[in-house]
Structures are given as C-alpha cells and as structure tokens.
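Breakdown of the fold
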Amino acid sequence: MADEAQPPNGTDVVDKMTVEVAEMALDAKEAAGKEATSGQPGAAEPAAKPSEKETNGSATPANKPVCSAAFKEQFKAFSKFGDTKSDGKHLTLSQSDKWMKQAKVIDKKITTTDTGIHFKKLKSMKLTYEDYNKFLDDLAKTKKVELDEIKNKMANCGAPGVHNATPGKAAETVARLTDTSKYTGSHKQRFDETGKGKGIAGRKDMVDQSGYVSGYGHKNTYDKTH
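Residues numbered from 1 in each chain as written. Predicted model: local features only at pLDDT ≥ 70, side-chain atom pairs only at ≥ 80, totals over all residues. Heavy atoms only, no water.

Quick notes on the packing of helix H6 (residues 129–143) against helix H7 (residues 147–155)
The description of two helices packed together rests on the angle between their axes and the distance between the axes. Stated precisely, the cut-off is as follows: An axis is simply a line fitted to the C-alpha atoms; with a helix, the fit covers only the stretch in contact. Between two such axes, the angle follows the N-to-C directions and lies from 0 to 180 degrees. Numbering of helices and strands starts at the N terminus; helices are DSSP runs of H or I of at least 4 residues and strands are runs of E of at least 2. Geometric relationships in this document are graded by angle, where less than 35 degrees denotes roughly parallel, more than 145 denotes roughly antiparallel, 65 to 115 denotes roughly perpendicular, and other angles denote oblique. The hand of a helix crossing depends on one turn: near helix anticlockwise from the far one by less than a right angle means left-handed, and clockwise means right-handed. Contacts are residue-level and defined by heavy atoms, with any inter-residue pair within 4.5 Å sufficient. Ten residue types, Ala, Val, Leu, Ile, Met, Phe, Trp, Tyr, Cys and Pro, are classed as nonpolar, four, Asp, Glu, Lys and Arg, as charged, and the remainder, Gly among them, as polar.
Viewed as axis vectors pointing N to C, H6 and H7 meet at an angle of 125°, and their least axial separation amounts to 9 Å. Considering their axes alone, H6 and H7 lie oblique with respect to each other. In the packing of H6 onto H7, the handedness of the crossing is right-handed. For the pair formed by H6 and H7, the contact residues are Tyr 132, Asn 133, Leu 136, Asp 137 and Ala 140 on the first element and Leu 147, Ile 150, Lys 151 and Met 154 on the second. Looking at the contact of H6 with H7 residue by residue, the class counts come to 6 nonpolar, 1 polar and 2 charged.

What about the packing of helix H5 (residues 112–120) against H6?
Where H5 contacts H6, the axes come no closer than 9 Å and their chain directions differ by 130°. One finds that H5 runs oblique with respect to H6. For the element pair H5 and H6, the recorded crossing hand is right-handed. Together, Asp 114, Thr 115, His 118 and Phe 119 of H5 and Tyr 132, Phe 135, Asp 138, Leu 139, Thr 142 and Lys 143 of H6 make up the contact between the two elements.

Focus: a positive patch on the surface
Cut-off, in case you're wondering: Only residues above 30% relative accessible area that lack a salt bridge enter a patch, with like-charged residues linked at up to 9 Å and the nonpolar side chains Val, Leu, Ile, Met, Phe, Trp and Tyr linked at up to 5 Å. Throughout, the Shrake-Rupley method with a 1.4 Å probe supplies accessible areas, and for residues the shown protein chains are the sole cover considered. For this document, the term salt bridge refers to a Lys or Arg side-chain nitrogen within 4 Å of an Asp or Glu carboxyl oxygen. In this count, Lys and Arg are taken as positive residues and Asp and Glu as negative ones, while His and the chain termini are left out. Charge placement uses NZ in Lys and CZ in Arg. For Asp and Glu, CG and CD serve respectively.
Residues Lys 72, Lys 76, Lys 80 and Lys 89 make up a contiguous surface patch of positive charge. Counting through the fold element by element, Lys 89 comes out in the loop between helix H3 (68–79) and strand S1 (91–92).

A word on H6
This is how the line gets drawn: A helix is expected to reach a length of 1.5 Å times the quantity of its residues less one. Only protein chains enter the calculation, and the probe is 1.4 Å; a residue is then buried if its accessible area is under 20% of its type maximum, exposed if over 50%, and partly exposed in between. The reported arc concerns the directions from the helix axis to the C-beta atoms and nothing else.
For H6, spanning 15 residues, the distance from its first C-alpha to its last is 21 Å, which sits close to the expected 21 Å at 1.5 Å a residue. Here H6 has its buried residues at Tyr 129, Tyr 132, Asn 133, Phe 135, Leu 136, Leu 139 and Ala 140. Considered in projection along H6, the buried side chains sweep an arc of 155° and stay on one side of the axis. In this structure, H6 carries Glu 130, Lys 134 and Lys 141 as exposed residues pointing more than 90 degrees from its buried face. Buried positions along H6 lie against H3, S1, helix H4 (93–102), H5, strand S2 (126–127) and H7.

Looking at the environment of Gly 161
Take Gly 161: it is sitting in the loop between H7 and helix H8 (169–177). Beyond its immediate stretch of four places on either side in the chain, Gly 161 contacts Phe 81 and Gln 102.

Overview of the pattern of salt bridges
Here the idea is simple: oppositely charged side chains can pair when their charged atoms come close. Under the criterion given, the structure shown has 5 salt bridges. As a salt-bridge pair, Asp 114 and Lys 143 come within 3.4 Å of each other at their nearest N and O atoms. Taken together, the residues Asp 114 in helix H5 and Lys 143 in helix H6 connect sequence positions 29 residues apart. Here Lys 121 and Asp 138 are joined by a salt bridge, their closest N and O atoms 3.3 Å apart.

Structure (structure tokens):
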C-alpha cells in the first residue's frame, strides 16, 4: 500500500551516520591543515627563552673578559718595582703582595698568609708569567673567588705605587704643620713676622757688636752731619 508506514527511526539513523561522517572528515581536514602550516618555511615557532645574560642586559663585571695584554704589562711593571736589575720576567712574593694590595685583591677573604702558602707550592722564590698564572688559578679555586675578577682588578689598578688616596687630606695636614703663625715657644723665635726663617739668629743668642747698648731703640737715627 502507498500509505504503508516507513520503518521506525530509519531516517534518524541515516541522518546520525551522515553527521558523524561529516564530523570525522572535518576533523581530518583541520589536522592536515595544522601539519601543513607547521611544516611550511618561516612558520612561527615558540619564542626561545631569553638567556640569563640577555635578561640582565650584560655580563657582570666579575665575568668580563680579562685583557691579557694589560695584565702582562702589569706583571712586568711590578716585577721591576723595587728591583732596578729585574728583567721583568719574574715576580717575587713581596712584589706580588704589593700588587694585590694595590688592586685590593688582598682583603679579609684573601690574606698574605694565603698568598704565601700558594706561592710556595710552586717551590720557587721567583715565578715566571706562566707559573704566576698557575699560582692565581690555584688561589682562586681554594678561596672560591672568580679568577677573572682577580685578574681584572690587578690589570686595572694603575702603575706600581699609585694608590687612590683621598685628595686634599695630606695637603691640609702639611699646611697646618708648616703654619709658622701657630708655632709657640722657642720654635716661634726661629721665624720672623712673614714666616721667613731667621737662620742661626733664630737658634742662638747673637752678641751685638755694633757698639750700641742692648735694647737701644734709636740705632742709626742720629744726625750724620754733626
């Protein structure tokens, strides 16, 4: 019969299968698209995490590369410091300590006792440039200090004997000690009103042999015409 009823839920089953097939096809298309995008040249990649050096802006002074030429020149300069006959190729413990003190390497953490112990490990009174580098390396490892930090300080501490003293202090002290207007007692008698030394007259009582009575205040004031 024409009016015969269709099987129950037949259409619903077909529609459900059609939807599932369509969803599977869509998922497969999206997955293929993602793979193609990631495989293309120039595709965006996750940004690399900035290194600690880039984050901080620059390397720390302690890790700054050491200027070997400057350090070697300082080695030569201090090897001649106090020794006019030195050829600049060997350094004594005393010269090394002076160098380290000037560079402020010797402090509360590294003492002259430490430098003496490590210097004598090399069993020589004078060290060559190569052995001196071994000495510094051993000292830095033992005291847990960066070797580059030590060398940077020593390479940039200035010429031997140059210290960063506070300017003006010595000049003020000298000026106070040489101000004759503040002298008292016998020291005051050695200078005149202008601060000029009187020489022997300021140290001894000189006999007046001019013929005038001591204390006479009109010397050379008489009328020479009479």
